[in-house]
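Structural characterization, general
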Amino acid sequence: MVLAFNFESWGWDAVLKTWNDDFIRVKDTPRRSSSTPSCKSYFDNGDDHDLADNKKYQDPYFLTIHFITNPKKSRKLKKLLKPLIDSIVPKLKLFNYVERSEKIPKKPEMTKEEKLTTVPASGVVLFINEGFGMERIMEAQKYLSEKSEWTVHHSEKVGSNAVPYPTNNQDFYAHNSEMPLWAVRQVHFGRDRLRFQIFVSNENWQDTIDFYSTVLARNFQYQKEDFCYFLVFASRELNLEVQLAFKKLPVGFKPRLLDSTILQFKVETIDGLVPLLPNVCSPISDRRWQTMDPDGNKILLFKVSSDDLSPGAFSTPSTASTMSTISSDCTTEVSDTETGTPDPSPRVDSPKLPKFVNHINGLVDDDDGMVSAV
């Protein structure tokens, strides 16, 4: 499969050599030979080993993403992303917005060579199940392809073994050079999937997988030569999985670090984790620590107790009080009155994008990092 790029606004003027897509079909695994290393998929709701039953995968806020904007820019960003986020996780506060107290200058313009050899370090991919209505898929892809703020960054063609549906391509879109790429993809079986994807340099590939395995305290769910993902959250009630995935860049390409985006992970222990990390891990509050992965992407570690990680005690920690240490005096966290705790009703009743927003009770972050209803 060839990864072809649209380069009108990004300056790319070449077609990359073969870069295998990470398209995974639920029914592929049973057909693998016994000599093939196991990469069992748990997307099938009928699987007796469905990890949605495992308490380790039942906290929807185990992994969250935080966007950092200049003053008075967060609401514009939130409005831009809302139709996409609401198409798959309308009732979970997995995306958070923080404003800097002062505007920071733009980075210098990339050289032609940098434009040709760098890729934004992170992306968000929405895998939407066709069984709950093709409208969600078509409208989400239409939103990316027709909204003027979005530009195609690159396109990945699906391999010959995949079902040749038009919605099965994977176009990555950009709206800002300092923000993650976004993509929408069709799912034929199983749950919707929200995938946080990190593009990894070739030289740091295995070190990066080992690093996040240590942070997540779990093994990868699937891995091949240039792709790997970890299951972070699974829910039958929400018909949803959250994944953390990694895509290895070809030799000669590097990920471009995004200062305006940071991932936060819940961890039960810091003292035992710090010695295992390759880079300095520094406290920025009583419960938060900051470190970097092998490629230099900053991440946050939020220390919780075992009780916090148990079902019924889930929380989405506030970032406002500590983000100033990370990026130029970020002191304002923008509240979201249309997000909240998971709704127990099945996802089959989810409204369509972009007219689907169900107004539910908003949440506010308490000082201790827990969430309570407004």
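Residues numbered from 1 in each chain as written. Predicted model: local features only at pLDDT ≥ 70, side-chain atom pairs only at ≥ 80, totals over all residues. Heavy atoms only, no water.

1. Looking at the overall build of the protein
As a reminder of what qualifies: The way it works is that DSSP assigns letters per residue, a run of H or I at least four long becomes a helix, a run of E at least two long becomes a strand, and they are numbered from the N terminus. Only protein chains enter the area calculation, which uses a 1.4 Å probe; residues under 20% of their type maximum are buried, those over 50% are exposed, and those in between are partly exposed. Residue contacts follow a heavy-atom distance rule, with two residues in contact if any of their heavy atoms lie within 4.5 Å. Methods summary: accessible areas were calculated by the Shrake-Rupley approach with a probe of 1.4 Å, and residue burial reflects only the protein chains presented.
Along the backbone of the protein there are four helices and 20 strands. Taking all 374 residues of the protein together, the buried fraction comes to 55%. Taking the intrachain contacts of the protein between residues at least 6 apart in sequence as the baseline, contacts between residues at least 24 apart amount to 72%. For the protein, the computed accessible surface area is about 16600 Å², with 51% contributed by carbon and sulfur atoms.

2. Some points on the environment of Asp-286
Structurally, the position occupied by Asp-286 is in the loop between strand 15 (282–283) and strand 16 (288–292). Its relative accessible area of 78% is what places Asp-286 among the exposed residues.

3. Some details on the side chain of His-66
For clarity, the threshold we go by: Polar contacts, as used here, are pairs of N or O atoms within 3.5 Å; protein pairs need one atom able to donate a hydrogen and one able to accept it. Residues neighboring in sequence count only if both atoms are side-chain atoms.
Note that His-66 resides in strand 2 (residues 63–69). Among the polar contacts made by the side chain of His-66, one reaches the side chain of Thr-64 at a distance of 3.0 Å.

4. Brief notes about the pattern of salt bridges
Just so we agree on the cut-off: Any carboxyl oxygen of Asp or Glu within 4 Å of a side-chain nitrogen of Lys or Arg constitutes a salt bridge here.
Using the criterion set out here, one finds ten salt bridges in the structure. A salt bridge links Lys-254 to Glu-203; the nearest nitrogen and oxygen atoms lie 2.9 Å apart. With a gap of 51 residues between them, Lys-254 in strand 13 (residues 254–256) and Glu-203 in the loop between strand 9 (192–200) and helix 4 (205–216) connect regions that are remote in the sequence. For Glu-203, a relative accessible area of 51% corresponds to the exposed category. Put simply, Asp-226 and Lys-247 hold a salt bridge, and the shortest N to O gap is 3.7 Å. Here Lys-247 lies in strand 12 (residues 240–248) and Asp-226 lies in the loop between strand 10 (222–224) and strand 11 (227–235), a separation of 21 residues in the sequence. Residue class for Asp-226 comes out buried when judged on its relative accessible area of 10%.

5. Re the pairing of strand 14 (residues 261–267)
To keep things clear, this is the line we draw: Strands are treated as partners if at least two bridges between them are detected by DSSP.
Counting buried positions along strand 14 yields seven of seven residues, so the element is predominantly enclosed. Both faces of strand 14 are covered, namely the face carrying Thr-261, Leu-263, Phe-265 and Val-267 and the face carrying Ile-262, Gln-264 and Lys-266. In this structure, strand 14 lies alongside strand 17 (residues 298–303), joined through five bridges in parallel fashion. Bridged to Gln-264 within strand 17 is Leu-300.

6. Considering helix 3 (residues 134–146)
Test applied: Here, expected helix span is obtained from the residue count minus one, scaled by 1.5 Å. This arc is taken over the directions from the axis of the helix to the C-beta atoms.
When the terminal C-alpha atoms of helix 3 are compared, their 18 Å separation across 13 residues agrees well with the 18 Å that a helix rising 1.5 Å per residue should span. Within helix 3, burial applies to Arg-136, Ile-137, Ala-140, Gln-141, Tyr-143 and Leu-144. Looking down the long axis of helix 3, one finds its buried residues gathered within 150 degrees of arc, a one-sided arrangement.

7. Points about the packing of aromatic side chains
Geometrically, a pair of aromatic rings is defined through the distance of the ring centres and the angle of the planes. Threshold: Ring geometry is summarised as follows: Phe, Tyr and Trp rings, the Trp one being its six-membered ring, pair when their centres sit within 6.5 Å, and such pairs are stacked at plane angles under 30 degrees, edge-to-face over 60 and tilted between the two. Both a distance and an angle decide whether a charge sits over a ring: NZ of Lys or CZ of Arg must be within 6 Å of the ring centre and within 35 degrees of the ring normal.
Scanning the model with the defined rule gives twelve aromatic pairs in all. Seen from their ring centres, Phe-67 and Tyr-97 are 5.7 Å apart, and the 45 degrees between their planes marks the pair as tilted. Of this pair, Phe-67 sits in strand 2 while Tyr-97 sits in strand 3 (residues 95–100), and the two are 30 residues apart along the sequence. For Tyr-97, a relative accessible area of 3% corresponds to the buried category. Both rings, one in Phe-227 and one in Tyr-229, keep their centres 6.3 Å apart while their planes meet at 45 degrees; by these two values the pair is tilted. Here Phe-227 and Tyr-229 have matching classes, each one buried. By way of ring pairs, the aromatic residues Phe-67, Phe-95, Tyr-97, Trp-182 and Phe-196 are connected into one cluster. The ring centre of Tyr-229 lies 5.8 Å from the NZ or CZ of Arg-195, which sits over that ring.

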